[in-house]
Amino acid sequence: MLVNGNASFRHRNVSLLSVSAVLAPEVVSSIHIDELLAPTLTKLRLPMGLLQRVAGVHERRNWNDELTFDDAATQAGRDALAVSGVDPAEVGLLINTSVTRTHLEPSVAVRIHHGLGLPSSALNFDIANACLGFVNGMTLAAQLIDSGQIKYAVIVDGEDAGDVRHNTVQRLLRSGVTRKDFMSEFPSLTLGAGAAAAVLGPADAHPEGHQILGGITRAATQHNRLCFGDADGMFTDTKALLRGGMELVVEAWNEAKDSWDWATMDRYILHQVSDVHTNAIVKAAKLDKDRVPRTYPMLGNVGPASIPITLAGEAGSLDKGQRVLCMGVGSGLNTAMTEIVW
């Protein structure tokens, strides 16, 4: 199959200067969700503990009245700027990549732009591409840095799955719910809340930074009807989504072998979904599972924030020169893989 060469890319002079995470304060256990759904589980003759045994998700988090998802994204951006040492006045671009939004307009980015005190000259907008948004945002920002249009960029993401999960539980408690209905909405019960941010800048001006080399993206949009989500809930054909996602990952992985050597990376930062998803990628790409950190057991699936949250958690244990591959699949379907040298 012929593919456009633009789907594989290399950056010339871009580094990740910092990455930060803000975790939501309220813990929601899978045991608690089981207790809420006990009447339905009994009626459908389903066992307790499916979230733990099948998905490997034991906890996820919620925001509270004192901290909203966009407040948290702003705080993550503020933390990332402080660690990077970049003056907000020098930032030329802010991209918000959150799936979560409370209204259609204005963009979520405008409130975060204001909260960070960025200059009026700084471009700001949202990018939405399901769980790949953050990685896509980094790629676009890196291209603008390479082009010389901007010097520094801030990428942020804040996710809030509290309402989605609540609505899902209430719907699954209604009379007439079938096993098929339950399994269609099962992934919604794994969703969590969290926020993250990254600062990117020119590599030649920041030898302490972590150079972003480039990567590959691929699409399989014939699978665009396998997962739908909104503020009310998320509805998924889980088996077909996993099958299509793994086919796409393997195709992209094999095509990347002509340009990249990713067989022995020091760390693989995967989009955090579940045991099933992670084990399938590890097996399909023949990854060393000891180099694949997992945050979904305690945080659940935090959408596009999951890759930067996981990367932020690993940052302290990475040594200079080690190689990191960020990779994920987003509903739709799309996949992206990006290499960073620490």
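Right above here is the structure, for reference.
A. Quick peek at the side chain of Glu 159. Of note, Glu 159 is situated in strand E7 (residues 152-159). Put simply, Glu 159 is tucked away with no salt bridge, and the nearest opposite charge, on Arg 101, sits 8.4 Å away. Within the structure, Glu 159 has its side chain in polar contact with the backbone nitrogen of Val 99 (distance 2.8 Å). Of note is the side chain of Glu 159, whose polar atom sits 2.7 Å from the side chain of Thr 100. In this structure, Glu 159 is in contact with Trp 63, Phe 69, Thr 97, Ser 98, Val 99, Thr 100, Gly 192, Ala 193, Gly 194, Val 302, Pro 304 and Ala 305, ignoring residues within four places of it in sequence.

B. Summary view of the pattern of salt bridges. This model, assessed by the stated rule, comprises 12 salt bridges. Between Asp 275 and Arg 294 there is a salt bridge, with its nearest N and O atoms 3.6 Å apart. You can see Asp 275 sitting in helix H10 (residues 275-285) and its partner Arg 294 sitting in the loop between H10 and helix H11 (296-299), a full 19 residues away along the chain. For Arg 294, a relative accessible area of 32% corresponds to the partly exposed category. Between Glu 339 and Arg 323 there is a salt bridge whose closest N-O contact spans 2.9 Å. Highlighted residues: Glu 339 in strand E14 (residues 334-341) and Arg 323 in strand E13 (residues 323-330), separated in sequence by 16 residues. Arg 323 sits in the partly exposed class, given a relative accessible area of 21%. A single network of salt bridges, built from pairs that share partners, joins Asp 70, Asp 71 and Arg 111.

C. Local environment of the nonpolar core. Within the largest apolar cluster, 32 residues are counted, with the highest numbers of intra-cluster contacts made by Trp 253, Trp 262, Tyr 268, Leu 287, Leu 325, Met 327 and Met 337. The set of elements that each furnish at least two residues to this core consists of helix H9 (238-256), strand E12 (267-270), H10 and E13. With 8 residues, the single largest contributor to this core is H9. Contact partners of Trp 262, with chain neighbours within four places excluded, come to Gly 215, Ile 216, Trp 253, Ala 256, Tyr 268, Arg 323, Leu 325, Met 337 and Glu 339. In terms of nonpolar packing, the next biggest core, distinct from the first, is built from 29 residues, Ile 127, Ile 307, Leu 318 and Ala 336 among them.

D. Broad picture of the state of the cysteines. As enumerated under the stated definition, the model contains 0 disulfides in all. Cys 326 takes part in no disulfide bond, and the closest cysteine sulfur, belonging to Cys 131, lies 14 Å away. Assessed through its relative accessible area of 4%, Cys 326 is described here as buried.

E. Fine view of the packing of aromatic side chains. Going through the model one piece at a time under the given rule, you end up with 3 aromatic pairs. Considering the side-chain rings of Phe 182 and Phe 186, the 6.2 Å spacing of their centres and the 40° angle between planes classify their relative orientation as tilted. Phe 186 carries the same exposure label as Phe 182, and that label is buried. Ring geometry for Trp 253 against Trp 262: centres 6.2 Å apart, planes inclined by 50°, an arrangement best described as tilted.

F. Expanded view of the pairing of strand E5 (residues 91-96). A large share of E5 lies buried, amounting to 6 of its 6 residues. With 5 bridges joining them, E5 and E7 adopt parallel strand pairing. Bridge pairing in E7 places Ile 95 opposite Ile 155. Of the pairings in the sheet, the one linking E5 to strand E6 (residues 123-126) comprises 4 bridges and is parallel in character. Its bridge partner lying in E6, Asn 96 is registered against Asp 126. Crossover connection from E5 via helix H5 (residues 108-115) to parallel E6: handedness right-handed.

Rules and cut-offs
Sequence order as written defines residue numbering, which begins from 1 separately in each chain. Confidence filtering applies because this is a predicted model: local features only for residues at pLDDT of at least 70, side-chain atom pairs given and counted only at 80 or more, and all residues used for totals across whole chains, interfaces and linings. Side-chain numbers come from the whole structure's heavy atoms, not from hydrogens or water. A run of DSSP states H or I qualifies as a helix once it reaches four residues; a run of E qualifies as a strand once it reaches two. Both are numbered from the N-terminal end. Accessibility here uses a 1.4 Å probe with only protein chains present; expressed as a share of the type maximum, an area under 20% marks a residue as buried, one over 50% as exposed, and anything in between as partly exposed. Residues scored as charged are limited to Lys and Arg (positive) and Asp and Glu (negative), so that His and the chain ends carry no count. Each salt bridge in this description consists of a side-chain nitrogen of Lys or Arg and a carboxyl oxygen of Asp or Glu lying within 4 Å of one another. In protein, a polar contact requires one atom able to donate a hydrogen and another able to accept it; more generally it is a pair of N or O atoms within 3.5 Å, and residues adjacent in sequence count only if both atoms are side-chain atoms. By definition in these notes, contact holds between two residues if any of their heavy atoms fall within 4.5 Å. Nine residue types can take part in a nonpolar core, namely buried Ala, Val, Leu, Ile, Met, Phe, Trp, Tyr and Cys, and a core is a set of them joined through side-chain atoms within 4.5 Å. In this description, a disulfide is simply a cysteine sulfur pair whose atoms lie within 2.5 Å. Working definition: rings of Phe, Tyr and Trp (its six-membered ring) pair if their centres are within 6.5 Å, and the pair is stacked with planes under 30 degrees apart, edge-to-face with planes over 60 apart, and tilted otherwise. Only strands that DSSP links by at least two bridges are regarded as paired with each other. A clockwise path from the first strand over the helix to the second, with the strands pointing away from the viewer, defines a right-handed crossover.

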